[in-house]
Amino acid sequence: MTSSADMTCHELMDLVTAYLDGALSREERGRFDAHHRGCARCQSHLSQMRVMVSALGQLERPVREDLSAEHGRMLGLFRTRGLHHREQRTRDVPLGLGSELAAIGDHVGCFWESEREFDAIAGFLAAGASLGEACVLIGHDAANERMLAGLARRDLNVGALMQENQLQVASVRSSAEGLLFEVDQRIKEAVHRGMPTVRILGNLNWERGTAGWPSDREIMRIEAHITSAAERLPCIVVCAYDVTTLPGPMLLKGGLECHPLTFRRDCLRHNEHHVPPERFLEELSAGPG
Amino acid sequence: MAPPRPCYDPAGWRGLGTSDQAASREDSALLDALRRGDADAFARLVAEHHASLRRVARLYVANSAIADEVVQDTWLGVIRGIWAFEGRSSIKTWIFRILVNRARTRGVREGRSASFIGALPAETGTGPDWTPPTLDRGSSPEQSLLTKELGERLRTVIDALPSNLRIVLWLRDVEGWSSEEVCNALAIHETNQRVLLHRARSRARAALEPYLEGAPGGARGR
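Sequence order as written defines residue numbering, which begins from 1 separately in each chain. The naming scheme follows written order: chains are lettered A onward, ligands numbered 1 onward. The predicted origin of the model limits local features to residues at a pLDDT of at least 70 and limits the giving and counting of side-chain atom pairs to 80 or more, whereas totals for whole chains, interfaces and linings rest on all residues. With hydrogens and water excluded, all non-hydrogen atoms of the structure serve as input to the side-chain values.

A.B. asks: Requested: an account of the overall build of chain B, with residues and values cited.
C.D. replies: Each helix and strand counted, chain B has nine helices and zero strands in total. For chain B, the sequential pattern of α-helices and β-strands runs α-α-α-α-α-α-α-α-α. Working definition: with a 1.4 Å probe on protein chains only, accessible area under 20% of the residue-type maximum means buried, over 50% means exposed, and in between means partly exposed. Across the 222 residues in chain B, those meeting the buried criterion constitute 52%. Relative to all contacts within chain B whose residues are 6 or more apart in sequence, the contacts with residues 24 or more apart total 67%. Numbering of helices and strands runs from the N terminus; a helix is a DSSP stretch of H or I covering at least four residues, while a strand is a stretch of E covering at least two. Contacts are residue-level and defined by heavy atoms, with any inter-residue pair within 4.5 Å sufficient.

Right, dumping it as structure tokens:
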């Protein structure tokens, strides 16, 4: 099966890496070998390439150091920072809201009243984007657009971030399970790609009552679930609550009772009113009372 | 509609349980051990990859202190990600993906960055049939030809390569990774990987020609 077209020296040299990788088709390989047999220049070229690749493989690794201290340090990280420890998370990640620091697994209720406060929330995603973290927006279109505009104002290239999937807009589902699944998939996808942390910003409240949108009850259910989900996943979740339009029960239960942390007046605080998810969900399914 | 579990349990939620089947048995066992908080399992993982992570990090960033920070960030990423990692790639590939991600972020900040986007023409066609590599380092007659001088030259040449070429060349030829491993870690297509490797090797060979000429086997053909 030889081709009538002879291979030129130039063609052969272009194919050397594919040849050494065993990636040429049988036909190409035949043409390669045929030319190689009769061409001293290409024999020398291929030989040099082999010699060099072989030499690279023997390249002395940078000075062998004793890495046992380093290994010990990494082991210390595992012992103290693993997500199997639920308490005493280290707060060392810039939250991007005020000048606060967050810990992995944080679930923050962010209450806003003025337009200025709302626009400042984009700082949460901006901090993540500049740290090379993944950012996921989940909410209604108008809020998402304002957040994206806020990122652009902070000199971030929104188009490039979205193209590289570092910044994503998740679909809103009408059930808590659907929403949780959506968020869960985004986190796992980002982790698979080697992203260290995923920031999730939820704006679920403006389109209350429209078809296909989660009901208040479903939003409360996902809020409660998110708290326990976030404990073992490399994520930080911020949920924005518009205090000017939301009804009291939603602010009280979805906002205040479902977030272990709250952000208000530029301060991140532990929320004494937080209700443990198990109890919250139990009471919610038992109905109002 | 069955009521949901009272609380989210990543290990029991859909996704993790099923996709772990894609991982090798050793990786699944390792992942389980890490999730249980088994420090010995983590220590073995560190012993296996730490040195190699440092070398690869060094390809991206300006000095070894930054490289060490990148490697520490990588292990933190592993520690935090073990519940969300689904085993869609090997653990080794995943760790290096985290490293590359961390190193690129740092590299961008430090002004020494590698980008695979836009570095290559659009791909066309499909890959050729895969056959085992013909390069067999172990039995190569050139086995011990690496002189001190050639070694130094190689380092200089590698250092002068654009970072995207340098990284592919280093992983394939110095670390001895397979083409598949490199593609997975860098999230690039096999065709791209080969083009980058070929460019890197061609530049290095051209720069080293005088040294390769005199090397044993240098003019002998195969």
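We are not done yet, so read on.
A.B. asks: Lay out the overall build of chain A with the relevant residues and their values.
C.D. replies: Looking only at helices and strands, chain A has 12 helices and nine strands in total. Each principal axis of the C-alpha distribution contributes one length, and for chain A these read about 90 × 50 × 40 Å. Of all 289 residues assigned to chain A, the portion counted as buried reaches 56%. Excluding contacts between residues fewer than 6 apart, the proportion of contacts in chain A whose partners are at least 24 apart in sequence is 71%. To be clear on the numbers: accessible area is Shrake-Rupley with a 1.4 Å probe, and residue cover counts the displayed protein chains and nothing else. By element, 51% of the accessible surface of chain A is carried by carbon and sulfur atoms, the whole surface being about 12,700 Å². Within chain A, the 40 negative side-chain charges are centred at a point lying 3 Å from the centre of the 32 positive side-chain charges. Under the counting rule used here, the positive set is Lys and Arg, the negative set is Asp and Glu, and His together with the chain ends is not counted. To locate a charge, take atom NZ for lysine, CZ for arginine, CG for aspartate or CD for glutamate.

A.B. asks: Provide a residue-level description of the sheet that holds strand 7 (residues 235-242) of chain A, including the pertinent values.
C.D. replies: Residue and element names in this part refer to chain A. In short, DSSP must find at least two bridges between two strands for them to pair. Spatial strand order, 5-4-6-7-3-8-9: seven strands in an open sheet with mixed pairing. In this open sheet, the two edge strands, each paired with only one partner strand, are strand 5 (167-170) and strand 9 (267-270). Direction aside, neighbouring strands of the sheet carry axes that sit 20 degrees apart on average. Pairing between strand 3 (residues 107-112) and strand 7: six bridges, direction parallel. Residue glycine 109 lies in a different strand from strand 7, and its bridge partner there is cysteine 239. For every element, the axis is a line fit to its C-alpha atoms; helices are fit only across the contacting stretch, and the angle between N-to-C directions ranges from 0 to 180 degrees. Sheet contacts for helix 7 (residues 141-153): strand 4 (134-139), strand 5 and strand 6 (198-203); angle to strand 4, the most-contacted strand, approximately 150 degrees.

A.B. asks: Describe the pairing of strand 4 of chain A, naming the residues involved and giving the relevant values.
C.D. replies: All names here are of chain A. Counting buried residues along strand 4, six of its six residues qualify, which places the element largely inside the surrounding structure. Neither face of strand 4 is open: one carries Ala134, Val136 and Ile138, the other Cys135, Leu137 and Gly139, and all of them are buried. Both strand 4 and strand 6 contribute to a ladder of six bridges, which runs parallel. Looking across to strand 6, one finds that alanine 134 is bridged to valine 198.

A.B. asks: Requested: an account of the environment of leucine 34 of chain B, with residues and values cited.
C.D. replies: The topology assignment puts leucine 34 of chain B in helix 2 (residues 25-36). Along the sequence, leucine 34 of chain B and arginine 55 of chain B sit 21 residues apart, while their C-alpha atoms lie 25 Å from each other.

A.B. asks: Break down unusual backbone geometry for me, with residues and values.
C.D. replies: All names here are of chain A. One non-glycine residue, aspartate 155, lies in the positive phi region at around 65 degrees. Checked against the element boundaries, aspartate 155 lands in the loop between helix 7 and helix 8 (158-163). Aspartate 155 sits in the exposed class, given a relative accessible area of 73%. Positive phi, close to 60 degrees, is recorded for asparagine 165, a residue that is not glycine. When you line up the elements, asparagine 165 lands in the loop between helix 8 and strand 5. Judged by its relative accessible area of 37%, asparagine 165 is partly exposed.

A.B. asks: Let's hear about the packing of aromatic side chains: which residues, and what values?
C.D. replies: A ring pair, where both rings are aromatic, is described by two values, the distance of the centres and the angle of the planes. Only the six-membered ring of Trp is used, alongside the rings of Phe and Tyr, when aromatic pairs are assigned; centres must lie within 6.5 Å, and planes under 30 degrees apart are stacked while those over 60 apart are edge-to-face, with the rest tilted. Taken as a whole and judged by the stated rule, the model has seven aromatic pairs over all chains. For the pair phenylalanine 111 of chain A and tyrosine 241 of chain A, a centre-to-centre distance of 5.8 Å together with 35 degrees between the ring planes defines the contact as tilted. In this pair, phenylalanine 111 of chain A is assigned in strand 3 and tyrosine 241 of chain A in strand 7, connecting sequence segments 130 residues apart. There is no split in this pair, since phenylalanine 111 of chain A and tyrosine 241 of chain A are both buried. Three or more aromatic residues link up through ring pairs in this structure, and these residues are Phe78 of chain A together with Phe42 and Trp75 of chain B.

A.B. asks: So what's going on with the nonpolar core? Residues and values would help.
C.D. replies: Residue types Ala, Val, Leu, Ile, Met, Phe, Trp, Tyr and Cys, when buried and joined through side-chain atoms within 4.5 Å, form a set referred to as a nonpolar core. By size, the foremost hydrophobic cluster in this structure holds 152 residues, and its most contacted members are Phe32, Ile187 and Ile200 of chain A together with Phe42, Tyr60, Trp75 and Leu186 of chain B. Element by element, the count of residues in this core is highest for helix 3 (residues 39-60) of chain B, at 10 residues. Setting aside chain neighbours within four positions, we find phenylalanine 32 of chain A in contact with Met7, Leu12, Leu15, Val16, Tyr19, Leu24 and Leu46 of chain A.

A.B. asks: I'd like a rundown of the pairing of strand 7 of chain A, residues and numbers included.
C.D. replies: Residue and element names in this part refer to chain A. Taking burial as the measure, the eight residues of strand 7 include eight buried ones, the bulk of the element. Alternating positions in strand 7 separate into two faces, Cys235, Val237, Cys239 and Tyr241 on one and Ile236, Val238, Ala240 and Asp242 on the other, with burial throughout. The sheet contact formed by strand 6 and strand 7 spans five bridges and is parallel. Bridge pairing in strand 7 places isoleucine 200 opposite valine 237. When the strands point away from the viewer and the connection leading from the first strand across the helix to the second strand turns clockwise, the crossover is called right-handed. In terms of handedness, the path from strand 6 via helix 10 (residues 216-230) over to strand 7 forms a crossover that is right-handed.

A.B. asks: Which residues make up the environment of alanine 224 of chain A, and what are the values?
C.D. replies: Tracing the backbone through its elements, the reader meets alanine 224 of chain A in helix 10. Through-space distance from the C-alpha of alanine 224 of chain A to that of lysine 253 of chain A is 9.7 Å; in sequence the pair is 29 residues apart.

A.B. asks: Can you tell me about the packing of helix 6 (residues 148-160) of chain B against helix 9 (residues 190-213) of chain B, naming the residues and giving the values?
C.D. replies: Residues and elements named next belong to chain B. Look at helix 6 against helix 9: their axes get within 10 Å of each other, and the N-to-C directions meet at 155 degrees. The pairing of helix 6 with helix 9 is recorded here as roughly antiparallel in orientation. For helix 6 against helix 9, the interelement crossing comes out right-handed. Between helix 6 and helix 9, the contacting residues are Glu149, Leu150, Arg153, Leu154 and Val157 on the first element and Ala204, Ala207, Leu208 and Tyr211 on the second. In the scheme used here, Gly and all other residues not listed as nonpolar or charged are polar, with Ala, Val, Leu, Ile, Met, Phe, Trp, Tyr, Cys and Pro taken as nonpolar and Asp, Glu, Lys and Arg as charged. In terms of residue class, the contact of helix 6 with helix 9 is built from seven nonpolar, no polar and two charged. Under this scheme an angle from 65 to 115 degrees is roughly perpendicular, one under 35 degrees roughly parallel, and one over 145 degrees roughly antiparallel; angles in between are oblique. Whether a crossing is left-handed or right-handed is set by the direction in which the near helix is turned from the far one by less than a right angle, anticlockwise for left-handed and clockwise for right-handed.

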